[in-house]
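Single-letter residue listing:
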Amino acid sequence: MLVVFSASNDGPGRFTLPGGQQSSKNALIVCASENGRQPTATYDAVADFSSHGPTSDGRLKPDLCAPGQVILSPKGGTADDDHYMQGTSMSAPVVAGL
């Protein structure tokens, strides 16, 4: 079993990973990358809001980045509109699903 956690949205500075699960040794921590849908975004950059490591004890985290900006997400309720969201809470499920 592989446990996947979102890195959190406290970036862009160094040491912005919160304690707890985001600094877990054996879990996969996922940050959000840009996905190229914004005018100044590229496909190979970490999103400004995404937290960065290292952890407080010096380990390199996050482990992996996945698209986390302008993600089409299911919207609850009765509305049929598209619902675009962003954050590491969008990128971690992409990785977990893959």
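Note: the structure precedes this text.
Residues numbered from 1 in each chain as written. Predicted model: local features only at pLDDT ≥ 70, side-chain atom pairs only at ≥ 80, totals over all residues. Heavy atoms only, no water.

**As for the sheet that holds strand 1 (residues 4-6)**
Ordered in space as 1-2-3, the 3 strands form an open sheet in which the pairing is parallel. Looking at which strands have only one partner, the edges of the open sheet turn out to be strand 1 and strand 3 (64-67). Shown here is a sheet whose adjacent strand axes are inclined to one another by a mean of 40°, direction ignored. Taken together, the 3 bridges between strand 1 and strand 2 (residues 28-33) define a ladder with parallel strand orientation. Its bridge partner lying in strand 2, F5 is registered against I29. Lying over the sheet, helix 1 (residues 88-97) contacts strand 1, strand 2 and strand 3, oriented at roughly 120° with respect to strand 2. (Pairing = 2+ DSSP bridges. Helix = DSSP H or I, 4+ residues; strand = E, 2+ residues; numbered from the N terminus. Axes fitted to C-alpha atoms, helices over the stretch in contact; angles between N-to-C directions. Contact = heavy atoms within 4.5 Å.)

**Considering the side chain of S91**
Mapped onto the secondary structure, S91 falls in helix 1. Setting aside residues up to four positions removed in sequence, S91 forms contacts with V30, C31, A32, A66, P67 and G68.

**Details of the state of the cysteines**
Under the definition given, this model contains 1 disulfide. There is a disulfide in this structure between C31 and C65, and the S-S distance comes to 1.7 Å. Of this pair, C31 sits in strand 2 while C65 sits in strand 3, and the two are 34 residues apart along the sequence. Given the relative accessible area of 4%, C31 is considered buried. Among the residues examined, C65 registers a relative accessible area of 34% and is labelled partly exposed. (Disulfide = S-S within 2.5 Å. Buried < 20%, exposed > 50% of the residue type's maximum accessible area, 1.4 Å probe, protein only.)

Treat this as a map of the structure, not an account of what it does.
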